Amino acid sequence: MSAQPPAANAELPAPADRPPAGAAPAPAPAPELTLVIPTFNEAGNIAPLIARLQTALAGLRWEAIFVDDNSPDGTADALREAGRRDSRIRCIRRIGRRGLAGACIEGILAAQAPVAAVMDADLQHDETLLPRMFAAMGDGADVVVATRYAPGGEASSFGALRGFGSRFANGLAHRLLGVRSSDPMSGFFMLRRELVERLAPKLSSEGFKILLDILATAGRDVRVEELTYTFGVRHSGESKLQMRVLVDFAGLILAKATGGAVSLRFLSFAAVGALGLGVHLLALRLGLGFGARFEVAQAVATLVAMTFNFFLNNATTYRDRRLRGWAILPGLAGFYAICGLGAAANVGVAGWMFYQTSRWWVAGVAGACIGAVWNYGVSKALVWREPS
């Protein structure tokens, strides 16, 4: 005689490793260390990096927060799949926001552990150094920097130009900001979460060099320790070191050296304006070469330069607030309107100077400089508004 199946409402025996029905599960202990790993197009690095972390951090309670800037290669999907297998893996997917510094700040502020480490996902940072960095934190350090430039460190995987640029930037940071680290440009470091929570209102979410910003902002109130390592070779993904980094670095230096009077965004806007000035002068020269009256040539050159500045600012200065699709048309119209007052003064002043000096380039420069501060302040407030 066959056994009868249990009734639908019969209580099934609980597995041995599962608490009785109705009992609250035992809380998992909090992590001791949070890894914050910014990503962009790093899908191919996710699995090997997690495997390395699992080996290197055996014996520690840890979690990893990957902050992904909406990578088109499926990095966030790879992280979610990894998180289903290992609950220590978390992913913050950022939409409409870009930048390494902002990603690091968001990740650290979301950390559960009192200690956070920042590292790249490109497998160039030596994860086996993490336990030693954590031990140094236990010995009283506030920040532990994995350095490439102290005796015993190595960065031979850099090309000659990139290596020179990195060392030159380090030298500027030492001389102008007085930071106490042999490698303030390092993207591999560990620190106390409460330090970032305290400094966060003063840190820039733009740019790439978050460690430099932290060290310069904290001043001499923090204890900095260093451990050397060999900087590895990139396996896949996109390098975050682009020409944009040079502008961001210069802006960060100026911002900290001037006590925040000059922002990274303003420096980028000014750099675009300098390029726009070149476009303006070229258009003006061409107009005069075709026989146009100076006022007409100056007006056309102004319109051409404004259009150039709008699209370049939209792609660079305000890339985190970039206007897309049909939103570009009202944005461009608003930019024209905002620049209109400055443009009117531009044409008038430049025309007067041209007839006074007969030097077309002096007149063009004077006219183009009239509306610079106006254009920046009002366009930031009205065209590229900060998301609410």
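What you see is a predicted model, and the numbers here were worked out from it, not measured in a lab.

S.K.: Describe in detail the overall build of the protein, supporting the description with residues and values.
M.R.: Broken down by element type, the protein carries 13 helices and seven strands. Evaluated residue by residue, the protein yields a buried proportion of 44% over its 388 residues. Across the protein, contacts joining residues at least 24 apart in sequence account for 78% of those joining residues at least 6 apart. Total accessible area computed for the protein in this model is approximately 19500 Å², and 61% of it derives from carbon and sulfur atoms.

S.K.: Outline the packing of helix 9 (residues 264-289) against helix 10 (residues 294-315), supporting the account with residue identities and numerical values.
M.R.: Direction vectors running N to C along helix 9 and helix 10 enclose 150°, while the axes themselves pass 8 Å from each other. Handedness of the helix 9/helix 10 crossing: right-handed. Of the residues in helix 10, those in contact with Phe-269, Val-272, Gly-273, Leu-275, Gly-276, Val-279, His-280, Ala-283, Leu-284, Gly-287 and Leu-288 of helix 9 are Phe-294, Ala-297, Gln-298, Ala-301, Thr-302, Val-304, Ala-305, Phe-308, Asn-309, Leu-312 and Asn-313. Class assignment of the residues belonging to the contact of helix 9 with helix 10 gives a composition of 14 nonpolar, eight polar and no charged.

S.K.: Could you give an account of the sheet that holds strand 4 (residues 115-118), with specific residues and numbers?
M.R.: Spatial strand order, 3-2-1-4-6-5-7: seven strands in an open sheet with mixed pairing. Each end of this open sheet is capped by a strand with a single partner; those strands are strand 3 (89-93) and strand 7 (224-228). Mean inter-strand twist for the sheet, computed between neighbouring axes without regard to direction, equals 20°. Where strand 2 (residues 62-68) and strand 3 come together, five bridges link them in parallel fashion. By the bridge assignment for strand 3, Ile-65 is matched with Arg-90. Against the sheet, helix 1 (residues 43-56) touches strand 1 (33-39), strand 2 and strand 3, its axis set at about 160° to strand 2. Relative to strand 6 (residues 189-192), helix 4 (residues 130-138) is tilted by about 30°, and along the sheet it contacts strand 1, strand 4, strand 5 (143-147), strand 6 and strand 7.

S.K.: Just give me the short version of helix 3 (residues 100-109), but keep the residues and values in it.
M.R.: With respect to burial, helix 3 is a largely interior element, eight of its ten residues being buried. Restricting attention to buried positions, one finds in helix 3 the residues Leu-100, Ala-101, Gly-102, Ala-103, Cys-104, Ile-105, Gly-107 and Ile-108. Summarising the contacts, the buried residues of helix 3 are in contact with strand 1, strand 2, strand 4, strand 6, helix 6 (193-199) and helix 7 (210-218).

S.K.: Tell me what's going on with the packing of helix 1 against helix 2 (residues 75-85), and back it up with residues and numbers.
M.R.: Each packed pair of helices is defined by two parameters, the angle between the axes and the distance between the axes. One can describe the packing of helix 1 onto helix 2 by two numbers: an axis separation of 8 Å at closest approach and a directional angle of 25°. One element, helix 1, and the other, helix 2, form an angle in the roughly parallel class. Note that helix 1 runs across helix 2; the crossing there is right-handed. Contacts between helix 1 and helix 2 involve Ala-43, Ile-46 and Ile-50 on the former and, on the latter, Thr-75, Ala-78, Leu-79 and Ala-82. When grouped by side-chain class, the residues that make up the contact of helix 1 with helix 2 number six nonpolar, one polar and no charged.

S.K.: Explain unusual backbone geometry to me, using residue names and the numbers behind them.
M.R.: In this structure, Asn-41 takes a positive phi of about 55° despite not being glycine. Tracing the backbone shows Asn-41 in the loop between strand 1 and helix 1. Look at Asn-41 and you get buried, because its relative accessible area is 13%. Phi is positive for Leu-123, which is not a glycine, with a value near 70°.

Thresholds applied
- Residues numbered from 1 in each chain as written.
- Predicted model: local features only at pLDDT ≥ 70, side-chain atom pairs only at ≥ 80, totals over all residues.
- Heavy atoms only, no water.
- Helix = DSSP H or I, 4+ residues; strand = E, 2+ residues; numbered from the N terminus.
- Buried < 20%, exposed > 50% of the residue type's maximum accessible area, 1.4 Å probe, protein only.
- Contact = heavy atoms within 4.5 Å.
- Areas by Shrake-Rupley, 256 points an atom, 1.4 Å probe, with all protein chains shown as cover.
- Axes fitted to C-alpha atoms, helices over the stretch in contact; angles between N-to-C directions.
- Left-handed = near helix turned anticlockwise from the far one by under 90°.
- Nonpolar A, V, L, I, M, F, W, Y, C, P; charged D, E, K, R; others polar.
- Pairing = 2+ DSSP bridges.
- Parallel < 35°, antiparallel > 145°, perpendicular 65-115°, else oblique.

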